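What follows is the residue order along each chain.
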Amino acid sequence: MIRANDLILRTTTILIAFILFGFSIYLFLAGHSAPGGGFIGGLMTAAAIVLMYMAYGYEAMKKIIPVNYQNLITIGLAIAVLTSIGSFVFGEPFLSQTFEYFHLPVLGEKELATALLFDLGVYLTVIGVTMTIILSIASDR
Amino acid sequence: MSNLAVLPIVIPLISGILLALLHKKIQLVRVLAQLFTGINLVVAIYIMYVVQKNGSIILESGGWDAPYSIVLVADLLSILLVVTTNIVALACVFYAPKSLSKQQEEFYFYTFFFMLISGVSGAFLTGDLFNLFVFFEVLLMASYALIVLGGGKVQLRESIKYVLINLFSSMLFVTTIAFLYSVVGTVNMAQIAQRVQEVDQKGILTTIAILLFFVFGTKAALFPLYYWLPKPYIVPNPVISALFGALLTKVGIYAILRVFTLIFVHDTDFTHNFFIWIAGFTLIFGAIGALSTNNIKLVISYNIIPAVGFMIMGIGLYNEAALSGTIYYLVHDMIIKAALFLLVGSVAYLAGTSDLRKIKGLIHHYPLLGWLFFLSAFVLAGIPPFSGFIGKLLLLQGGLQNDEVVIVIIALLSSLLILLSMIRIFVRGFWGEKDESIRVDKKAARAFTMPIVFLLFFSVLLGVGAELFYPMIENIAAYLLNPELYIESVLKE
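Reading guide: rules and limits
- Residues numbered from 1 in each chain as written.
- Chains lettered and ligands numbered in written order.
- Predicted model: local features only at pLDDT ≥ 70, side-chain atom pairs only at ≥ 80, totals over all residues.
- Helix = DSSP H or I, 4+ residues; strand = E, 2+ residues; numbered from the N terminus.
- Rg over C-alpha atoms; globule rule 2.2 N^0.38 Å.
- Contact = placed C-beta atoms within 7 Å.
- Buried ≥ 20, exposed ≤ 12 C-beta atoms within 10 Å, placed from the backbone.
- Pairing = 2+ DSSP bridges.
- UniProt positions renumbered as here; feature names shortened; annotations may be inferred.
- Axes fitted to C-alpha atoms, helices over the stretch in contact; angles between N-to-C directions.
- Parallel < 35°, antiparallel > 145°, perpendicular 65-115°, else oblique.
- Left-handed = near helix turned anticlockwise from the far one by under 90°.
- Nonpolar A, V, L, I, M, F, W, Y, C, P; charged D, E, K, R; others polar.
- Expected span 1.5 Å × (residues − 1).
- pLDDT = per-residue confidence, 0-100.
- Core = buried A, V, L, I, M, F, W, Y, C linked by C-beta atoms within 7 Å.

Student: How should I be thinking about the overall build of chain A in this particular structure?
Tutor: Helix and strand content of chain A: five helices and two strands. Going from the N terminus to the C terminus, chain A shows its helices and strands as α-α-α-α-β-β-α. Its C-alpha atoms give chain A a radius of gyration of 18 Å, clearly above 14 Å, the size a compact globule of 141 residues would have. A principal-axis box enclosing the C-alpha atoms of chain A has dimensions of 65 × 35 × 25 Å. Partitioning the intrachain contacts of chain A with sequence separation of at least 6 by distance along the chain shows that 66% fall at a separation of at least 24.

Student: In this structure, what is going on with the overall build of chain B? I would like to understand it.
Tutor: Broken down by element type, chain B carries 20 helices and two strands. With the C-alpha coordinates of chain B rotated into their principal frame, the extents come out at 70 × 55 × 45 Å. A burial count over chain B gives 57% of its 493 residues as buried. Partitioning the contacts of chain B with sequence separation of at least 6, the portion at a separation of at least 24 is 81%.

Student: Mind showing me how you'd approach the pairing of strand S2 (residues 71–74) of chain B here?
Tutor: Looking along a regular strand, one sees side chains alternate from face to face of the sheet. Residues and elements named next belong to chain B. Side chains Val71 and Val73 project from S2 onto one buried face, and the interleaved Leu72 and Ala74 project onto a second face that is buried too. Relative to S2, strand S1 (residues 57–60) is paired through four bridges, and the arrangement is antiparallel. Among the inter-strand pairings, Glu60 is bridged to a residue of S2, identified as Val71.

Student: Explain the UniProt feature "transmembrane region" (unreviewed entry) in chain A here, please?
Tutor: Residues and elements named next belong to chain A. If you check UniProt for "transmembrane region" (unreviewed entry), the listed places come out as residues 7–29, 35–56, 68–90 and 112–138 in our numbering. Within residues 7–29, the helical portion is 100% and the strand portion 0%, while the C-alpha atoms at the span's ends are 33 Å from each other. Taken end to end, residues 112–138 is 89% helix and 7% strand, and its two terminal C-alpha atoms sit 39 Å from one another.

Student: Explanation requested: the packing of helix H2 (residues 26–54) of chain B against helix H3 (residues 76–99) of chain B in the structure shown.
Tutor: In a packed pair of helices, the relevant descriptors are the angle between the two axes and the axis-to-axis distance. Residues and elements named next belong to chain B. Between H2 and H3, whose axes approach to 9 Å, the crossing angle comes to 165 degrees. It follows from the interaxial angle that H2 and H3 lie roughly antiparallel. The interaxial crossing formed by H2 with H3 has left-handed handedness.

Student: Please explain the interface of chain A and chain B as it appears in this structure.
Tutor: Size of an interface: often given as the accessible area lost when the parts come together. Contacts between the two partners involve twelve residues from chain A, matched on the other side by 14 residues from chain B. Of the residues belonging to the side of chain A that touches chain B, the class tally is eight nonpolar, three polar and one charged.

Student: So what exactly am I meant to see when it comes to the pairing of strand S2 (residues 108–113) of chain A here?
Tutor: Residue and element names in this part refer to chain A. In terms of burial, S2 is largely open, as just zero of its six residues are buried. As paired elements, strand S1 (residues 99–104) and S2 share six bridges and run antiparallel to each other. Residue pairing across strands places Phe99 opposite Ala113, the latter belonging to S2. Between the antiparallel neighbours S1 and S2 lie three residues, among them Val106 with a positive phi of about 70 degrees.

Student: Hey, could you run me through helix H6 (residues 153–184) of chain B in this one?
Tutor: The periodicity of an α-helix, 3.6 residues per turn, causes residues three or four places apart in sequence to face the same way. Residue and element names in this part refer to chain B. With 32 residues, H6 should reach 46 Å at 1.5 Å per residue; the first-to-last C-alpha distance of 46 Å fits that figure. Those residues of H6 not exposed but buried are Glu158, Ser159, Tyr162, Asn166, Ser169, Phe173, Thr176, Ile177, Leu180 and Val184. In this structure, the buried residues of H6 make contact with helix H5 (129–147), helix H7 (189–198), helix H8 (203–220) and helix H9 (230–234). Within two residues after H6, Gly185 carries a phi angle of roughly 75 degrees, on the positive side.

Student: What's the story with the UniProt feature "domain: Na+/H+ antiporter MnhB subunit-related protein" (unreviewed entry) in chain A in this structure? I'm lost.
Tutor: According to UniProt, the positions carrying the feature "domain: Na+/H+ antiporter MnhB subunit-related protein" (unreviewed entry) are residues 8–132 of chain A. Secondary structure across residues 8–132 of chain A divides into 70% helix and 10% strand, with the first and last C-alpha atoms of the span separated by 27 Å.

Student: I would appreciate a short explanation of unusual backbone geometry in the present structure.
Tutor: Peptide bonds are mostly trans, and most non-glycine residues show a negative phi. All names here are of chain B. Cis geometry marks the peptide bond from Phe223 to Pro224, where omega comes out at -5 degrees. Turning to its location among the elements, Pro224 is positioned in the loop between H8 and H9. A cis amide bond links Pro384 with the next residue in sequence, Pro385, at an omega value of 5 degrees. Assignment of secondary structure puts Pro385 in the loop between helix H15 (367–381) and helix H16 (387–401). One non-glycine residue, Tyr108, lies in positive phi territory at about 60 degrees. For Tyr108, a count of 21 C-beta atoms within 10 Å gives the class buried. Positive phi, close to 65 degrees, is recorded for Ala221, a residue that is not glycine. Mapping Ala221 onto the fold places it in the loop between H8 and H9.

Student: Even after reading the chapter, I still don't get the confidence of the model for chain B, so can you show me in this structure?
Tutor: As a note on interpretation, predicted positions should not be read in detail where pLDDT is low. Here chain B shows a mean pLDDT of 90. Residues at 70 or above account for 100%. Here the predicted complex carries an ipTM of 0.85, next to a pTM of 0.92.

Student: Just checking my understanding: could you explain the environment of Tyr53(A) for this structure?
Tutor: All names here are of chain A. As for its position among the elements, Tyr53 is in helix H2 (residues 38–56). Through-space distance from the C-alpha of Tyr53 to that of Phe102 is 39 Å; in sequence the pair is 49 residues apart. When near neighbours in sequence (up to four residues on either side) are disregarded, Tyr53 contacts Tyr58 and Met61.

Student: Mind showing me how you'd approach H2(B) here?
Tutor: Residues and elements named next belong to chain B. Look at H2: 41 Å from first C-alpha to last across 29 residues, which is about the 42 Å you get at 1.5 Å a residue. Among all positions in H2, only Val29, Ala33, Phe36, Thr37, Asn40, Leu41, Ala44, Ile47 and Val51 are buried. Those residues of H2 that are buried are in contact with helix H1 (7–21), S1, S2, H3 and helix H4 (102–125). Count one or two residues on from H2 and you reach Gly55, which has phi positive near 90 degrees.

Student: Even after reading the chapter, I still don't get the confidence of the model for chain A, so can you show me in this structure?
Tutor: On average, residues of chain A score 85 in pLDDT, and 96% of them are at 70 or above. Confidence, expressed as mean pLDDT per element, reaches its minimum in chain A at S2(A) with 73 and its maximum at H2(A) with 91.

Student: What should I look at first to understand the packing of H1(B) against H2(B) in this one?
Tutor: Residues and elements named next belong to chain B. At their nearest, the axes of H1 and H2 sit 10 Å apart, and the two run at 175 degrees to each other. Here H2 runs roughly antiparallel to H1, going by the angle between their axes. Residues Leu7, Pro8, Ile11, Pro12, Ser15 and Leu19 of H1 pack against Val29, Leu32, Ala33, Phe36, Ile39, Asn40, Val43 and Ala44 of H2. Looking at side-chain class alone, the contact of H1 with H2 contains twelve nonpolar, two polar and no charged residues.

Student: What is the right way to read the nonpolar core from this model?
Tutor: One recurring pattern in soluble globular proteins is that nonpolar side chains are buried together. Residue and element names in this part refer to chain B. With 218 residues, the main nonpolar core has Cys92, Ile256 and Ala338 as its most contacted residues. At 21 residues, the largest contribution of residues to this core is made by helix H13 (residues 320–351). Once residues within four sequence positions are removed from consideration, Ala338 is found in contact with Val88, Ala91, Cys92, Ala242, Gly245, Ala246 and Leu455.

Student: Before we go on, may I ask you to explain the environment of Leu90(B) in this structure?
Tutor: Residues and elements named next belong to chain B. Here Leu90 shows up in helix H3. Residue class for Leu90 comes out partly exposed when judged on the 18 C-beta atoms lying within 10 Å of it. C-alpha of Leu90 to C-alpha of Gly314: the two residues are 224 residues apart in sequence and 29 Å apart in space. Once residues within four sequence positions are removed from consideration, Leu90 is found in contact with Thr37, Gly38 and Leu41.

As structure tokens, then:
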């Protein structure tokens, strides 16, 4: 098979994927009290990964990101469920969350919430599900 | 201890996730799946004990107060159904290893199985209409995966129908919730009930009620929306058919029961009379359908429909006897349908075909299986003293109290037709000359019978020990007839 000339795609992907990853992490962190969150952040990360798949091909990407996306789903789900039942330990109702202000180096005064952990679970699950769906459609003959 | 209410949802969820990680180690997965289902059943029974002693458990998730948070309400009705669900699940999980191929088991069967249980329990426990939708989706997602498990050609064809009809009804469901929200401004069921009561259920609310009824009716397979049901339910593996037949339609019935005894109870002349009509047609067409085929699996599948008819009849009649009948029948039907699907599954496996014309004389090879089938036919048709009889008796009593003679006669006639359809399988499939061509597989038969015996034990107990259960069922019916109790327990006013 003759490969299409995808020099332009590859070159721009380096830049765009970088921006997409950065923005998706921003969205993920912003999610607690501003628009964003684990779901949309996960979708955007998955979009960046798909873009890289398109530019560099299946084999190369398997080496760059050696992640089993099916396992990512289960890990994400496990994190989400475990954080929501974490409240049992403190005698609080299911899905309770708490937050505290911390003084972090470089970043300054920041709010850290346990909801972020739940969101991390959502984030990983969304990446896992999206990538599993897209890759299984792509590898279908 | 309000967190108790969420355990029947969370335990299967965690089990499903854990088993997905282990899915290649099939021996370990089987043992763990059986263990977790057992634990879940014990926990559910414990919750039922607590609920019976101290009243409903309300869980306001995230620590927000009732109308603002997502509430889970474990009252006696929902927890009774959760316990029944877990009894069915336990039987299925023991039946699965023999019935499924190793490939199917490895392909996340147990994960989807637990997701289904989680969704069903969630639908029973939630006190929030939008979350009812969410849990419907959870159980439907799991059921989509289960119905195509194995990926046979027939399965794919039938599953497209199944997925399409369910997608459509889910769309209608979420739209209807949006309508309802725009009118009453809340999705908390207790608060909806309160506000609908305040405005005395004006025309628009009755319209929304009927739309909701159609949504649930599609899931529950009522006339004329049942046409999609029989075939998709028989194409997957028997253990999956048993789960679907026992649980999925019953969730629809539960939703109707909850919504039309709690929220839309102010225009019963219209809504509930309408249900009686629907029930009549559902009974007739379902029973005729069961007689129309020679495929033994399809006979059982069609038998879901008249059972649903009986339950809707009770909701339509809307008095204490009839509602007790509906609840009794609901519990009875979950157990017996699972047992029957497992039974015909094993008959089809042992005889090598599900075509009744090609099966004969099975009782010579498998006497125990034959008599179990005979027993379950009697239980299903409602021959005294079995559980079907108690449910039907209460329903008929309720019907006569309301002077609805026609529906009573229809119910009696369709019971006869159901008995005929079941006995037909027994007479033609089990009696007759010994079929020497059948290769006897006693070991498989023994593995199949154990879960069936387990289910039938509960079924018989429910009938013979009716004295034990009836007071509780009667309590639930009285509780349902007084929606104030539910509203007060959730909103604590």
